[in-house]
Amino acid sequence: MSESNTPLVSLDDLRQSIDSIDTQIHDLLNRRASCAKQVAEVKLREFAAAQQFESNTDSSSSQQLLFYRPEREAQVLSRVKAANKGPLADDTVAFIFREIMSACLALEKPMEVAYLGPLGTFSQAAALKHFGHAVVSVPQSSIDEVFAKVANGQCHYGVVPVENSTEGMVSNTLDAFINSPLKICGELELRIRLNLLVAKGGKDTPITRICAHQQALAQSRQWLDAHFPGVERAAVSSNGEAARMAAEEEGVAAVAGDMAEQQYDLLQLAANIEDQPDNTTRFLIIGREDVAASGSDKTSLVVSARNRPGALFKLLEPFQKADVMLTRIDTRPSRTEPWTYVFFIEFEGHRDDSKIIDILNDIEQHSIMFKVLGSYPKAAI
Ligand SMILES: C=C(O[C@@H]1C=C(C(=O)O)C=C[C@H]1O)C(=O)O
């Protein structure tokens, strides 16, 4: 036997080591959870004291009790990734800590997160990726409903798709922001893998209709043209809904992801049918409160300029002058009068940074409508 094949330590010894490490991990997890519970008590005390102070001074601040702190969670995730020495991958370590924080936070207060349902959509996968599996994810029938549930306080946060690397912006989400009081509290990206799904037992049934959300149909258009030319395609409210239809209706196939496949116990006829191999969707987290700076943030704003030459240049010039990186700009019809537009501008930095305060003041002077949608930590996982 060559030297490299000679076990240095016996299997029994290794398993004993693992058992002893597990005991330590277990103990540390519960010690961490106890700390998080104490944090909750401190937050409660500070909140009660602030309320008391307010009632004495008759001020009308709308201070909220905030258990969940997006900026702190982003810092924890960035720190563990930066400190990771392997052999586990940085992303793997971040996912594990994501779940640990989610479980700790659930001891403080289980959060309810609204997403575009039904069960099994990419929006639900995004909600669980961002908040971890200890949150209660609450399906909604439309993006507008997600906004409404958060705005009226029935859910703590919402998750909405905002752009896809193949298909571009999700106009419904951008339009919803224009009149919404909600703030952007976070962002995340999700790799979108699409499968062609039918009911179990439907392998030999001819496919007469292919259903999916319009984004998923668009993201797999070339594949569907090549493999199912002439078969009717129907855009439905979500991929989850398409999966539900495929489970119930003979001859219906759905284009949807793994979660929908499991949720409705479907049969996969073809995997990864998306036309772009790196098909990715970016989601935003919406909430009612502003988020403090994490040290690595983005800011989004919606602005409308006077219809005159150089107006867009005037809006963008302050970024160039201050050397601030723009990460995205979109245009939508203003919906107040024809041929007027609003711009969604997204850039690096937090609205409390002095450099950004100056830029925002400058832009506000050159705009007829101006709203900061929020400053939030850059995606950490
Ligand atoms: C523990 C805290 O509260 C929550 C739980 C966190 C955690 O488990 O690390 C981090 C931020 C908050 O969402 C805190 O604010 O520090």
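- Within an unreviewed UniProt entry, the label attached to the protein reads Bifunctional chorismate mutase/prephenate dehydratase, and the organism entered is Zhongshania arctica.
- Under the Function (unreviewed entry) heading, UniProt states for the protein: "Catalyzes the Claisen rearrangement of chorismate to prephenate and the decarboxylation/dehydration of prephenate to phenylpyruvate."
- Listed in UniProt under the heading Subcellular location (unreviewed entry), the comment for the protein reads: "Cytoplasm".

## Here's the deal with unusual backbone geometry
Next up, step 1: In the segment running from Gly86 into Pro87, the intervening peptide bond is cis, with an omega of 10°.
Next up, step 2: For Pro87, the location among the structural elements is in the loop between α2 (70-83) and α3 (90-108).
Next up, step 3: Cis geometry is found at the peptide bond from Gly117 to Pro118, where omega equals 5°.
Next up, step 4: Here Pro118 is to be found in the loop between β1 (112-116) and α4 (122-131).
Next up, step 5: Of note, Asp265 is a non-glycine position whose phi angle comes to about 50°, a positive value.
Next up, step 6: Overall, Asp265 belongs to the partly exposed group, its relative accessible area being 48%.
Next up, step 7: With a phi angle near 50°, Asn272 is a residue other than glycine that sits in the positive phi range.
Next up, step 8: Within the secondary structure, Asn272 is located in the loop between β10 (266-270) and β11 (280-287).

## What about the site of the ligand?
Next up, step 1: Every residue close to the ligand is listed here: Arg32, Val39, Lys43, Phe67, Tyr68, Arg69, Arg72, Glu73, Met101, Cys104, Leu105 and Glu108.
Next up, step 2: Within the side chain of Arg32, a nitrogen or oxygen atom sits 2.8 Å from an oxygen atom of the ligand.
Next up, step 3: In this structure, an oxygen atom belonging to the ligand sits 2.7 Å away from a side-chain N or O atom of Glu73.
Next up, step 4: Protein coverage of the free-state accessible area of the ligand, which is 360 Å², stands at 90%.
Next up, step 5: Of all the secondary structure elements, the ones that give two or more residues to the shell around the ligand are α1 (11-57), α2 and α3.
Next up, step 6: Considering each element in turn, the shell around the ligand owes the most residues, four residues, to α3.

## A few points about the sheet that holds strand β15 (residues 367-377)
Next up, step 1: Spatial strand order, β13-β14-β12-β15: four strands in an open sheet with antiparallel pairing. The open sheet has two edge strands, β13 (326-333) and β15, and neither has a second partner. With direction set aside, neighbouring strand axes in the sheet form an average angle of 15°.
Next up, step 2: In this sheet, strand β14 (residues 341-348) lies alongside β13 in antiparallel orientation, the contact comprising seven bridges. Bridge pairing links Arg328 to Glu346 in β14.
Next up, step 3: Strands β12 (297-305), β13, β14 and β15 of the sheet are contacted by helix α11 (residues 311-321), whose axis makes an angle of about 15° with β14.

## What about the state of the cysteines?
Next up, step 1: For the structure shown, the criterion picks out zero disulfides.
Next up, step 2: Counting only cysteine sulfurs, Cys155 is the nearest neighbor of Cys185, a cysteine outside any disulfide, at a range of 14 Å.
Next up, step 3: On the basis of relative accessible area, Cys185 is assigned to the buried category, the value being 2%.

## Some thoughts on the packing of aromatic side chains
Next up, step 1: Inspection of every chain in the model, using the stated rule, returns six aromatic pairs.
Next up, step 2: Here the aromatic rings of Trp223 and Phe228 are separated by 6.1 Å at their centres, their planes lie at 40°, and the arrangement is tilted. In terms of burial, Trp223 and Phe228 fall into one category: buried.
Next up, step 3: Taking the centre distance of 4.7 Å and the plane angle of 50° together, the rings of Phe319 and Phe347 count as tilted. Of this pair, Phe319 sits in helix α11 while Phe347 sits in strand β14, and the two are 28 residues apart along the sequence. One exposure class covers both Phe319 and Phe347, and it is buried.
Next up, step 4: Feature note: the residues Tyr68, Phe131 and Tyr157 constitute an aromatic cluster, connected by ring pairs.

## Looking at the nonpolar core
Next up, step 1: Formed by 38 residues in total, the largest nonpolar core has its most connected members in Phe131, Leu196, Ile210 and Val255.
Next up, step 2: In terms of residues, this core owes the most to one element, α4, which gives six residues.
Next up, step 3: Those residues in contact with Phe131 that lie beyond four places of it in its chain are Tyr68, Arg98, Ser102, Met111, Val113, Tyr157, Val159 and Ile285.
Next up, step 4: In terms of nonpolar packing, the next biggest core, distinct from the first, is built from 23 residues, Val146, Val160, Val162 and Phe344 among them.

What counts, and at which threshold
- Residues numbered from 1 in each chain as written.
- Predicted model: local features only at pLDDT ≥ 70, side-chain atom pairs only at ≥ 80, totals over all residues.
- Heavy atoms only, no water.
- UniProt positions renumbered as here; feature names shortened; annotations may be inferred.
- Helix = DSSP H or I, 4+ residues; strand = E, 2+ residues; numbered from the N terminus.
- Buried < 20%, exposed > 50% of the residue type's maximum accessible area, 1.4 Å probe, protein only.
- Near = heavy atom within 4 Å.
- Polar contact = N/O pair within 3.5 Å; in protein donor to acceptor, adjacent residues only side chain to side chain.
- Areas by Shrake-Rupley, 256 points an atom, 1.4 Å probe, with all protein chains shown as cover.
- Pairing = 2+ DSSP bridges.
- Axes fitted to C-alpha atoms, helices over the stretch in contact; angles between N-to-C directions.
- Contact = heavy atoms within 4.5 Å.
- Disulfide = S-S within 2.5 Å.
- Phe/Tyr/Trp six-rings, centres within 6.5 Å; stacked < 30°, edge-to-face > 60°.
- Core = buried A, V, L, I, M, F, W, Y, C linked by side-chain atoms within 4.5 Å.

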